There are 2 protein chains.
Amino acid sequence: MFSFEQLRGFVAVAEELHFGRAAERLSMTQPPLSRQIQKLEREVGVRLFDRDNRGVALTPAGTAFLREATRLLALAEAAPDLARRIASGTVGTIRIGFTAASTFGVLTDVLDLVTAALPQVEIDLYEMVTREQVEALLAHEIDLALARPPFDPALFGSRLIRREELVVAVPAGHALTTLDRPVEVGDLAGEPLVMHSATKARYFYDLVVGLLPVEHHNVVHTVSQIATMTWLVASGRGLAFVPRSASLLGIAGVVHLPLVTREPKPVELHLLWPRDSANPALPLALETLRALDPDATPRGLT
Amino acid sequence: MFSFEQLRGFVAVAEELHFGRAAERLSMTQPPLSRQIQKLEREVGVRLFDRDNRGVALTPAGTAFLREATRLLALAEAAPDLARRIASGTVGTIRIGFTAASTFGVLTDVLDLVTAALPQVEIDLYEMVTREQVEALLAHEIDLALARPPFDPALFGSRLIRREELVVAVPAGHALTTLDRPVEVGDLAGEPLVMHSATKARYFYDLVVGLLPVEHHNVVHTVSQIATMTWLVASGRGLAFVPRSASLLGIAGVVHLPLVTREPKPVELHLLWPRDSANPALPLALETLRALDPDATPRGLT
DNA sequence: AGAACATGATGCGCGGACGGTATCAGGCCA
DNA sequence: TGGCCTGATACCGTCCGCGCATCATGTTCT
């Protein structure tokens, strides 16, 4: 195989059509350059120059090889720079895991901030439930997740990015909609309930259980996704506790009523990332995302 | 600048994720391979592998650099092969000069033959008059011309590829069209004549002068292109001597009448090429074009 | 015609780079 | 704690490629 030095020598001679001048341009003397070209021709298996005692001319094969050599050198020139920019994090890819409904209103903020600050960083989105997110983070299949507590702080870094109200989703026309004050837990006695899965939606499950005693005969369905839950409410199967931003789903036939809770905004969403991430773009993205205000109102909500 | 050996070493380690196995694959021992990678990393300015005492993993920069390295090696692999095929003539470009009208019916045969036999040889066409063709051949701006004698045999190789009749072009309805025998030179006494340029269309000029005494008061126009000549005939300015294939031009209002000449087919067209051509595809094309029969009837003529 | 000049190619000697052998340093496992 | 795995380092010999000097040959100027 030929070397880059040989290619550079070849290109110089091809451009100067003169061994002496080409050698000078390469800061070397003419004899080794001649030998370089000879060796290159031997290795390529083709005469690249027609040369006599008066000058040098490219053969047709040499003309074609010149194009290839130029491309090779350009690529070789650019490759380290690309690698350095990847390493610096200003270009690259960040893979973000998110749950379909629960991140409504935050994901767009995240995307806007990152693409504005790091335009050369590509963002890949992966829709998955929280448990899958955790596994994917550990397997380094994603770099960043939008997830809910609790997390193992030894494995993950995290930061609160959104804090919102828990509200009650009821079918349009339900008796509670006539209430002229926030719903209290006591108002819900005997109402059928669409409940969160204790395993797949652990966060909401714990939140609701801490709020009121879940009487099993009231639970008509157990699901894991906020969207599914809202559809069930719309079809009149029962009520559900959902984050306020669920109204952004825009599902017809559902009304979201304010709810009195101990904490005014008990539903938290966090950024989550593996502490041992090797993605150089991640720290830059996290720095950028400091601008997120957990108490901001998602766009589309009043 | 890094070397191809370093790139190969890098790719091997990136694929094996193990220095020892990679070294074995490269038929070398592990220590120099380690140093190769270290040196490569120094030259690129970026750590390409995360390595501890148990294994090796690509960094993000390393992943990106792997793509580039693979491309570089593939290109470097392919370049000599390309050059060799160019040198062998089975791929490449042949530039052909031709005159607009005079080569009607031959050029398509030439193109068909060459593209069939040498599908990877590209053909560039250059329309130019015979004198320009000769200059272009000498300057190596074209590789092959379709031209008419005479040529300097010291500079050019040539071969007869078409021999055809000289006919008389007359306007439709002209008195001669009622003749029920071939036209003879004597029939043309006093007829106005559209004549070939003595400089730019020397071949036809000499041919016509050898046929009949050109009386200058009969010459109404002097032009160099057969097409122009035929248009002038169509507009009734006079008669003209043109090769039989000129009828392929399909210009309305012109009739081509047989003419009695000393030679039955006095109009010759030759392939012409510079003896010092460096185009490896040219000999192959010429060999292919041996199949041309000078006495064949051009397609479209009966 | 002949000398001066220009071209690229070749002979030779030296220094540096690279590969191999032997060994080291650190983490996992029994 | 001692073997065993990983990649890194020390040292040495060889070979490759550079520069210097010179050659072979063709052009050009006097």
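The following paragraphs examine the structure supplied in this document. Sequence positions are assigned chain by chain, starting from 1 and proceeding in written order. The naming scheme follows written order: chains are lettered A onward, ligands numbered 1 onward. Totals for whole chains, interfaces and linings use all residues, but because this is a predicted model, local features are given only for residues with pLDDT of at least 70 and pairs of side-chain atoms are given and counted only at 80 or more. Side-chain measures here rest on the full set of heavy atoms in the structure, leaving out hydrogens and waters.

Once that is clear, we can look at the protein's contact with DNA strand D. Definition of nearness: a residue and a molecule or strand are near each other if at least one heavy atom of the residue lies within 4 Å of the molecule or strand. His18(B), Pro31(B), Ser34(B), Arg51(B) and Asn53(B) are the nearest of the 22 residues found near DNA strand D. Protein-adjacent atoms of DNA strand D, using a 4 Å cutoff, are sugar or phosphate at a proportion of 72%. What qualifies as a polar contact is a pair of N or O atoms within 3.5 Å, subject to a donor-acceptor requirement within protein and to the restriction that residues adjacent in sequence count only when both atoms come from side chains. A distance of 2.6 Å separates a phosphate oxygen of DNA strand D from a polar atom in the side chain of His18(B). Between Gln38(B) and DNA strand D, the recorded distance is 3.4 Å, taken from a side-chain N or O atom to a phosphate oxygen. For helices the rule is a DSSP run of H or I covering at least 4 residues; for strands it is a run of E covering at least 2, with both sets numbered from the N terminus onward. Where the surface near DNA strand D is concerned, the elements lending two or more residues are helix H3 (30-44) of chain A together with helix H2 (19-25) and helix H3 (30-44) of chain B. Along the lines of polarity and charge, the residues of the surface near DNA strand D split into six nonpolar, 10 polar and six charged. For this classification, Asp, Glu, Lys and Arg are treated as charged, while Ala, Val, Leu, Ile, Met, Phe, Trp, Tyr, Cys and Pro are nonpolar and the rest, including Gly, are polar.

The next subject is the protein's contact with DNA strand C. Near DNA strand C you find 21 residues, and of these His18(A), Gln30(A), Pro31(A), Ser34(A) and Arg51(A) are the closest. Protein-proximal atoms of DNA strand C, defined as those within 4 Å of the protein, fall in sugar or phosphate at a share of 69%. The separation between a phosphate oxygen of DNA strand C and a polar side-chain atom of Ser34(A) is 2.8 Å. A distance of 3.3 Å separates a base oxygen of DNA strand C from a polar side-chain atom of Arg35(A). Counting residues per element, the ones that place at least two in the surface near DNA strand C are helix H2 (19-25) and H3 of chain A together with H3 of chain B. When the residues that make up the surface near DNA strand C are grouped by side-chain class, the tally is six nonpolar, 10 polar and five charged.

Moving on: the nonpolar core. Ranked by internal contacts, the top residues of the largest apolar core, which has 64 residues, are Phe10(A), Phe65(A), Phe10(B) and Phe65(B). Of all elements in the fold, only helix H1 (4-16), H2, H3 and helix H4 (60-88) of chain A together with helix H1 (4-16), H2, H3 and helix H4 (60-88) of chain B reach the threshold of two or more residues within this core. Membership of the second largest hydrophobic core comes to 32 residues, among which are Val168(B), Val194(B), Leu232(B) and Ala246(B). In this description, a nonpolar core means a group of buried Ala, Val, Leu, Ile, Met, Phe, Trp, Tyr and Cys residues linked to one another through side-chain atoms lying within 4.5 Å. Categorising residues by exposure relies on relative accessible area from a 1.4 Å probe, with only protein chains included: less than 20% of the type maximum marks a residue as buried, more than 50% marks it as exposed, and the intermediate range marks it as partly exposed.

Function cannot be read off these values alone, since they describe shape.
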